[in-house]
Amino acid sequence: MVASLIAGIARLITGAVAVWIVPPRGERVRVYFANHSSHADFATIWAALPPDLRASTRPVAAADYWSGSALRRYLMASVFHGVLIDRAGGGEAATAQMADALRGGDSLIMFPEGTRGDGRVVAPFRSGLYHLAVAVPEAELIPVCLVNLNRVLPKGESIPVPVIARLTFGSPIALEPGEPKSALLERARAAVLELDVRPSPTEPSSDH
Amino acid sequence: MGNLSDPVLQQLLGGIFGALALGTIVGQILKRRARTPASRETVANMNQRIMSWWVMCVVFGVAVLTGGIASIVLFALLSFFALREFITLVDTGGGDHRALLIAFFIALPAQYVLVAVGWYGLFSILIPVYAFLLIPGVLAIIGDTRDFLRRTATIQWGLAVCVYSISHAPALLLLDVPADYRGREALLLFWLVLVVQLSDVLQYVFGKLFGRRKIAPRVSPNKTWEGFVGGVTCATLIGAGLYWATPFGPLEAAGMALLVALSGFLGGLVMAAIKRDRGVKDYGAVIPGHGGVLDRIDSLTFAAPVFFHVTRFFY
C-alpha cells in the first residue's frame, strides 16, 4: 500500500518513461546496476518495475545515510527492504551481505560508482559488482541507464523539478571465464553508457 | 460562459464532431486501400492525428461547456506539460534548479490565478517584468556564472512561450466584449483554437497534396509554399464563414483569421527551429510515449497573444 503510493509519486514526479530492452521478467535473480546522479535514482528504478517484482527487488544502500532519521529507517526497513551496507565494514562483508540476498531469491539495485555524479560523467565502477558476479554467477547483471535524474533532483536539493526522466533496462552482461576485474567493470560501465541515446545537438535530423 | 443551450455553440460542436466523424470514416477507408509502405505510413499518421483530435475536441469541448474555470485549469495543465517538455529538451543543469522551481511552481500557477481572478494589469506584466527579473536574479545568487546569459534566456523563453503566451487563450474570457456578445466569450476561445488548428491541419494536407517548394527546408522539410498558401487561405475562409460565432463581421473575421493563421505559422516554424537545434524531430519524441503537447500547441503560442491584443484593441 505505502509501496505502491510511493512508486506512484516517484513516477508522477519524474514522469519516468521506462524502456525495457531486456524483458522485465527473468528466470533468474538480477542485479540492476545504474549510473548515479540523484537521491531519486533508486526510487525511480524501483518504481519502474512491475509491482509484484518490487517486493523482491532490494536496493543496496549506505547504512549511515539510511539510519539517519526515523522516516528513512522506516522506509528502508518496511517499504524498500534495503540491503544496508556498513561503509566502514570492508568489501568482503558487503559482498557477503549482497550475495546472501541474491541467494535468498531477491534481486538487487546498486550503483557501482559508489557516489552521486553530476549526471554528465559516469565515474569508474568500484569492484563490488565484480565480486558479486564471482560470488553469485547465476545472477543476471542488468545495466540500467538513468537520464535526467540529476535535473529532476540534483545533489543538495530537496524539491524535484518535473523534468521528464528516462530509464533504459539493457541486455544482461555476464562474467566471462577468467575475465579480469578491471575488464568486467569497464564493460559494465560501457553497457550503461551505451544505453544513453540522448540526441546530439550538433547533428540536426533531416526528416520531420 | 458557454452552455449547451446556446444554439451557436450547438452548431459549432455539431460541425466539429461531424467533421471528425467524416474524417474517421475516410481514414478507415484509406487504411483498407493503402498498398505501399509509404502510403500506409501516411495514412497511419493521419489516423493518429484524427484520434488525437477526438481526444482534444472532447476535452476542450467539456472544458468550454463547463465554464471559465475548467478552461483555465485545462490551459494551465497544457502550459505545465508544454513547459515540462521544453525544459526537458533544453539543457538545464544543477545551477538552474531553484530558478526552475520558481518557473514551475510559482510563476505558472500565479499566471493562471491572475486569469481566474481577472486581474488584467498584473496578468500582462507578471512574466515579462517580474519573472524576467527574478530568474536571472536567482541564478546570480546561486552563483553559477557558466553560460549565464544562455541559461537565463532559456528559462525566460520557456516561461514566455509555454506559460505567458498560452495563458492569453483563456484570457479571452476576460475581454470586455460588446454587450450583445457578453456571456459568450467562450465561443471566441473556441473560434481561435479552431482556426489555429485547422490552419495547421490544412497546411499539412495541402502540403502533402501539392507541396513542391519548401519554405525553410533546414527548419521544417514539411512546410511548403503550396501548403502554406492553401492552408492559410482555407483557414481564413473558414474563420470568416464562422463569423456568426464571434463579435466580428464577416470581413473582420476574415482579417482576424488571416492574422491568427499567419502568426500560428510563424509559431510552428520557430518551435521547429528550436527542435532542430536540439536535434529532435518532435517534443513528444524526446521521450517515447510522452504526449508531445508542445507539438500540438506550437502555433497557438504565437497566435493566442496576437489575437488577444488585436481583439482587445479593436473591441
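Sequence order sets the numbering: in each chain, residues are counted from 1 along the sequence as written. As they are written, the chains are lettered A onward and the ligands numbered 1 onward, keeping that order. Note on the predicted model: pLDDT of at least 70 is required for a residue's local features to be given, and 80 or more for side-chain atom pairs to be given and counted; whole-chain, interface and lining totals, by contrast, use all residues.

**Q** Describe the overall build of chain A, with residues and values.
**A** Helix and strand definitions here come from DSSP, where helices need a minimum of 4 consecutive H or I residues and strands a minimum of 2 consecutive E residues; each element is numbered from the N-terminal end. Helix and strand content of chain A: nine helices and seven strands. As a reference, a globule follows 2.2 Å times the number of residues to the power 0.38, and the radius of gyration itself is taken over C-alpha atoms. Against the compact-globule benchmark of 17 Å for 208 residues, chain A has a radius of gyration of 17 Å, which places it among compact chains. Reported as C-alpha extents along the three principal axes, the dimensions of chain A are approximately 50 × 45 × 30 Å. The 208 residues of chain A split such that 40% are buried. Intrachain contacts of chain A at a sequence separation of at least 6 include 75% that bridge at least 24 residues. As a rule, residues whose C-beta atom has 12 or fewer other C-beta atoms within 10 Å are exposed, those with 20 or more are buried, and those in between are partly exposed; C-beta atoms are placed from the backbone. Whether two residues are in contact is decided by their C-beta atoms, placed from the backbone, lying within 7 Å.

**Q** Got a sec to walk through the overall build of chain B? Specific residues and values, please.
**A** If you tally the helices and strands in chain B, you get ten helices and zero strands. The C-alpha atoms of chain B give 20 Å as radius of gyration, which agrees with the globular expectation for 315 residues (20 Å, within 12%). C-alpha atoms of chain B, sized along the principal axes, occupy 60 × 55 × 30 Å. When the 315 residues of chain B are sorted by exposure, 41% land in the buried category. Long-range contacts, defined as pairs at least 24 residues apart, comprise 68% of the intrachain contacts of chain B with a sequence gap of at least 6.

**Q** Talk me through the nonpolar core; I want residue IDs and the actual numbers.
**A** Core membership is restricted to buried Ala, Val, Leu, Ile, Met, Phe, Trp, Tyr and Cys residues, and these are joined into a nonpolar core through C-beta atoms within 7 Å. Membership of the largest hydrophobic core comes to 136 residues, with the highest contact counts inside it found for Leu108(A), Val144(A), Ala82(B), Ile166(B), Leu189(B), Leu192(B) and Val195(B). The element contributing the most residues to this core is helix α7 (residues 185-210) of chain B, with 14 residues. Not counting chain neighbours up to four residues away, the residues in contact with Val144(A) comprise Tyr32(A), Phe33(A), Ala34(A), Ile45(A), Leu167(A), Thr168(A) and Phe169(A).

**Q** Help me get a handle on the domain arrangement of chain B, residues and values and all.
**A** All names here are of chain B. By convention here, the domain bounds are inherited from an automatic or database domain assignment. The domain boundaries assigned to chain B delineate domain 1 (1-66), domain 2 (69-167) and domain 3 (184-315). Listed as interface residues are eight residues of domain 1 and, on the opposing side, eight residues of domain 3. Counting only elements with at least two residues in the side of domain 1 that touches domain 3, the list comes to α1 (7-33) and α2 (37-65). Here the side of domain 1 that touches domain 3 takes three residues from α1, the largest share from any one element. Polar here means any residue outside two lists: the nonpolar Ala, Val, Leu, Ile, Met, Phe, Trp, Tyr, Cys and Pro, and the charged Asp, Glu, Lys and Arg; Gly therefore counts as polar. Of the residues assigned to the side of domain 1 that touches domain 3, the class counts are six nonpolar, one polar and one charged.

**Q** I'd love a proper account of the sheet that holds strand β1 (residues 17-20) of chain A, names of residues and values included.
**A** Residue and element names in this part refer to chain A. As summarised here, the arrangement of the seven strands in space is β1-β7-β6-β2-β5-β3-β4, forming an open sheet in which the pairing is mixed. With one partner strand each, in any of the chains shown, β1 and β4 (83-85) form the two edges of the open sheet. Strand-to-strand twist of the sheet, defined as the mean angle between neighbouring strand axes without regard to direction, takes the value 20°. Judged from the five bridges that link them, strand β2 (residues 30-34) and strand β6 (residues 140-147) form a sheet pairing that is parallel. Within β6, the residue paired with Arg 30 across the bridge is Glu 140. Contacting β2 and β6, helix α9 (residues 181-194) crosses the sheet at an angle of about 45° to β6. Should DSSP find at least two bridges between two strands, the strands are regarded as paired. All axes are obtained by fitting lines to C-alpha atoms, using only the stretch in contact for helices, and the reported angles, taken between N-to-C directions, cover 0 to 180 degrees.

**Q** Provide a residue-level description of helix α4 (residues 97-117) of chain B, including the pertinent values.
**A** Residue and element names in this part refer to chain B. A helix is expected to span 1.5 Å for every residue after the first. For α4, built from 21 residues, the straight-helix expectation of 30 Å at 1.5 Å per residue is met to within 8% by its first-to-last C-alpha distance of 29 Å. Of all the bends in α4, the greatest measures close to 30° and is centred on Ala 103. Looking at the buried residues of α4, the elements they touch are α3 (68-89), α5 (120-142) and α6 (148-167). Note on α4: the residue one or two positions beyond its end, Gly 118, has a positive phi of about 70°. At every residue, the bend is computed as the angle between two fitted axes, covering the seven residues ending there and the seven beginning there respectively.

**Q** Lay out the pairing of β6(A) with the relevant residues and their values.
**A** For a regular strand, side-chain orientation follows a simple rule: the groups alternate between the two sheet faces. Residue and element names in this part refer to chain A. Here β6 lies mainly inside the structure; seven of its eight residues are buried. As paired strands, β6 and strand β7 (residues 166-169) are joined by four bridges and run antiparallel to one another. Bridge pairing in β7 places Val 147 opposite Arg 166.

**Q** I'd love a proper account of the environment of Pro305(B), names of residues and values included.
**A** All names here are of chain B. Within the element layout of this structure, Pro 305 appears in helix α10 (residues 293-314). As a C-alpha pair, Pro 305 and Pro 178 span 127 residues in sequence and 20 Å in three-dimensional space. Those residues in contact with Pro 305 that sit more than four places away from it in its chain are Ser 165 and His 168.

**Q** Tell me about the confidence of the model for chain A, residues and numbers included.
**A** The predictor's confidence in any single residue is recorded as pLDDT, a number from 0 to 100. In the predicted model, chain A carries a mean pLDDT of 86, and the fraction of residues at 70 or more is 93%. The low-confidence segment residues 200-208 of chain A, where pLDDT is below 50, has 16 contacts with residues more than four positions distant or belonging to other chains.

**Q** Run through the packing of helix α7 (residues 128-135) of chain A against α9(A), naming residues and quoting values.
**A** All names here are of chain A. Packing of α7 against α9 brings their axes to within 9 Å, and their N-to-C directions diverge by 110°. In terms of orientation, α7 and α9 fall into the roughly perpendicular class. Of the residues in α9, those in contact with Leu 129, Tyr 130 and Ala 133 of α7 are Lys 181, Leu 184, Leu 185 and Ala 188. Among the residues forming the contact of α7 with α9, the class breakdown is six nonpolar, no polar and one charged. Just so you know how the angles are binned, under 35 degrees is roughly parallel, over 145 roughly antiparallel, 65 to 115 roughly perpendicular, and the rest oblique.

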